[in-house]
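# Secondary and tertiary structure notes
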Amino acid sequence: VAQTSDNTPIVQYRPEMLASCAEYRPDYNELKLALKNREFFLVYQPKFDLPSMQLQGLEALLRWRHPLRGVVSPLVFISVAEQTGLIAAIGDWVVKAAIMQMESWQRQEGVYVSVAVNVSPLQLKDDGFVARIKALLNLNGIAGEFLQLELTESSLIEDPRRAHTIIAELRSAGVQIALDDFGTGYSSLAALQTYQLDYLKMDKSFVQKIQTRQGRSVSHAIIQLGHALEMRVIAEGVENAEQEAALCALTCDQVQGFLYSHPLSADQCLAFMKQSGSPDLFAVEEASVAS
Ligand code: C2E
Ligand code: MG
Ligand code: MG
Ligand code: MG
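A brief structural summary. Numbering of residues starts from 1 in every chain and runs along the sequence as written. Labels follow written order: the first chain is A, the first ligand is 1, and so on. With the structure being a predicted model, the display of local features is reserved for residues of pLDDT at least 70 and the display and counting of side-chain atom pairs for 80 or more, all residues being used for whole-chain, interface and lining totals. Side-chain measures here rest on the full set of heavy atoms in the structure, leaving out hydrogens and waters.

This next bit is on the coordination of the magnesium ion (ligand 3). With water excluded from the atoms, a metal site may look incomplete; its donors are any N, O or S atoms within 2.8 Å, or within 3.2 Å for Na, K and Ca. The coordination sphere of the magnesium ion (ligand 3) contains the protein donors D180 (OD), D181 (OD) and E236 (OE), at a distance range of 1.8 to 2.7 Å. Spacing between the donor residues of the magnesium ion (ligand 3) along their common chain follows D-D-x54-E. Separating the magnesium ion (ligand 3) from the magnesium ion (ligand 2) is a gap of 3.6 Å, bridged by D180, which donates to each. You can see D181 sitting in strand 8 (residues 176-182) and its partner E236 sitting in the loop between strand 10 (232-235) and helix 11 (241-249), a full 55 residues away along the chain. Under the scheme applied here, a residue whose accessible area is under 20% of the maximum for its type counts as buried, over 50% as exposed, and between as partly exposed, the area being computed with a 1.4 Å probe on protein chains only. Classification of D181 by relative accessible area gives partly exposed; the value is 25%. By definition, any uninterrupted DSSP run of H or I lasting at least four residues is a helix, any uninterrupted run of E lasting at least two residues is a strand, and each is numbered from the N terminus.

On to the side chain of Q56. Residue placement: Q56 occurs in strand 4 (residues 55-66). Side chain to side chain, Q56 and Y199 meet in a polar contact 3.4 Å long. Sequence-distant contacts of Q56, defined by excluding residues within four places in its chain, comprise K47, F48, D49, S114, Q148, Y199 and Q254. Here a polar contact is taken to be a pair of N or O atoms separated by no more than 3.5 Å, where protein atoms must pair a possible hydrogen donor with a possible acceptor and residues adjacent in sequence count only if both atoms sit in side chains. Throughout, a residue-residue contact means that at least one pair of heavy atoms, one from each residue, lies within 4.5 Å.

With respect to the secondary-structure elements, E39 resides in the loop between helix 1 (28-36) and strand 3 (40-49). Lacking a salt bridge, the buried E39 has R65 as its closest oppositely charged neighbour, with an N-O distance of 9.2 Å. Contacts of E39, omitting those with residues within four sequence positions, involve A34, R63, W64, R65 and P67. When charges are counted, neither His nor the chain ends are considered; positive counts come from Lys and Arg and negative counts from Asp and Glu. Salt bridge criterion: a side-chain nitrogen from Lys or Arg within 4 Å of a carboxyl oxygen from Asp or Glu.

The side chains of a regular strand alternate, first on one face of the sheet and then on the other. Among the 5 residues of strand 7 (residues 147-151), 5 are classified as buried, and the element is accordingly described as predominantly covered. Side chains L147, L149 and L151 project from strand 7 onto one buried face, and the interleaved Q148 and E150 project onto a second face that is buried too. Here, strands pair whenever DSSP counts at least two bridges between them. With 4 bridges connecting them, strand 6 (residues 115-118) and strand 7 associate as parallel partners. For V117, the partnering residue across the bridge sits in strand 7 and is L149.

In this section: the nonpolar core. Residues grouped as a nonpolar core are buried Ala, Val, Leu, Ile, Met, Phe, Trp, Tyr and Cys residues, joined through side-chain atoms within 4.5 Å. By size, the foremost hydrophobic cluster in this structure holds 82 residues, and its most contacted members are W105, L149, L247 and M273. Top element by residues in this core is helix 3 (residues 87-109). It accounts for 9 residues. Here W105 is in contact with Y44, L58, G110, V111, V113, A266, C269, L270 and M273, once residues within four sequence places are set aside.

Okay, the coordination of the magnesium ion (ligand 4) next. The protein atoms that coordinate the magnesium ion (ligand 4) are D181 (OD) and E236 (OE), at distances spanning 2.1 to 2.5 Å. Separating the magnesium ion (ligand 4) and the magnesium ion (ligand 2) is a distance of 5.8 Å.

Describing an aromatic ring pair means giving the distance of the ring centres and the angle of the ring planes. Any Phe, Tyr or Trp ring, taking Trp's six-membered ring, that has another such ring centre within 6.5 Å forms a pair; planes under 30 degrees apart are called stacked, those over 60 apart edge-to-face, and the others tilted. Within the structure shown, the criterion is met by 9 aromatic pairs. Considering the side-chain rings of Y24 and W64, the 6.3 Å spacing of their centres and the 40 degrees angle between planes classify their relative orientation as tilted. Within this pair, whereas Y24 is found in the loop between strand 2 (9-10) and helix 1, its partner W64 is found in strand 4, the two being separated by 40 residues in sequence. Across this residue pair, the class does not change: Y24 and W64 are buried. Both rings, one in F40 and one in W64, keep their centres 6.0 Å apart while their planes meet at 45 degrees; by these two values the pair is tilted. Residue F40 is found in strand 3, and its partner W64 is found in strand 4; the two are separated by 24 residues along the sequence. W64 matches F40 in its accessibility class, with the two residues each being buried. Pairwise contacts between aromatic rings join Y24, F40, W64, F77 and W93 into one cluster. When the ring centre of F41 is taken as origin, the NZ or CZ atom of R65, which lies over that ring, is 4.2 Å away. Cation placement over rings: the criterion is NZ of Lys or CZ of Arg within 6 Å of the ring centroid and within 35° of the ring normal. It is R69 that lies over the ring of Y24; its NZ or CZ is 3.7 Å from the centre.

The next subject is the pattern of salt bridges. Applying the stated criterion across every chain, the model contains 9 salt bridges. For E59, the salt bridge goes to K201, with nearest N and O atoms at 2.8 Å. Residue E59 is found in strand 4, and its partner K201 is found in strand 9 (residues 199-202); the two are separated by 142 residues along the sequence. For E59, a relative accessible area of 5% gives the class buried.

Moving on to the state of the cysteines. Should the sulfur atoms of two cysteines be covalently bonded, the bond is a disulfide. Here, a disulfide means two cysteine sulfur atoms that sit within 2.5 Å of each other. Tallied over the full model, the rule gives 0 disulfides. Cysteine C248 is unpaired, with the sulfur of C252 as its nearest cysteine sulfur at 8.9 Å.

Take it as geometry only, folks, not as evidence of what the structure does.
Okay, here's the thing in structure tokens:
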């Protein structure tokens, strides 16, 4: 750690360094003001194909730059946003910010990367949800294939008919659907089988246990289940090479975690993508230049 002349440590700011204050719970007015004052921002965590380790896409993760508390974790404020109904406006902002970022990377940098956005179950209750996403994609000239939405099991079980309709509409626009934190929710296998989903995201709690005999068997079962349901399986929260080796041996399709990269600011992420040597990110531009 670097130090000043009087031995005060200089800690370089990194976007993943979040203010940790367990008791802090913002209220409606604070969150509403944060939205108005543009205090929210997105960080991006890369996802990679196994075993090629080609960069496959990014996950957008929400942060709140609090004027006094520093950067606040979504774990602190998403639940408040959900309880107060503000998640509708915040969720809209997230989708818009992610799509505008993709637009900027595509037009200004020639970088064509897919971005996954987390969606709260409450956002699906809004009748205009799908139409607004399609409109934003259109307005920014972004193909639906570049957008991935991460839903949770509770999104599927509360109103299955509605969830089926919404997923079908999104997928027909090319948007990819991932089931996030799989294994921690309450969806039944019978219900899961009725959905057409592109990705199963195995929760990090399973990755953390993968080095035990039983943990490895459970991860194996989840990956096989995902493949049986014709989904690609991605493991989140990969922190060490042993976990990666186990996931690779169990034919997991993609990985994401601190082992590869923490969530990055948009600028840091652009630099990361440019030096990643993943030709796919630049393929669309090269194709259009060639023609
Ligand atoms: P999630 O969607 O499951 O995101 C993965 C979380 O794991 C992120 O935490 C990420 O920073 C963290 N993570 C990534 N790699 C590792 C690793 O190797 N080890 C460990 N221990 N953790 C890792 P984050 O950014 O604090 O987000 C927490 C949760 O907040 C997300 O979980 C998601 O459920 C929610 N969230 C984040 N952004 C949004 C958003 O825009 N909208 C909604 N509705 N929810 C969001
Ligand atoms: Mg997620
Ligand atoms: Mg997740
Ligand atoms: Mg998770």
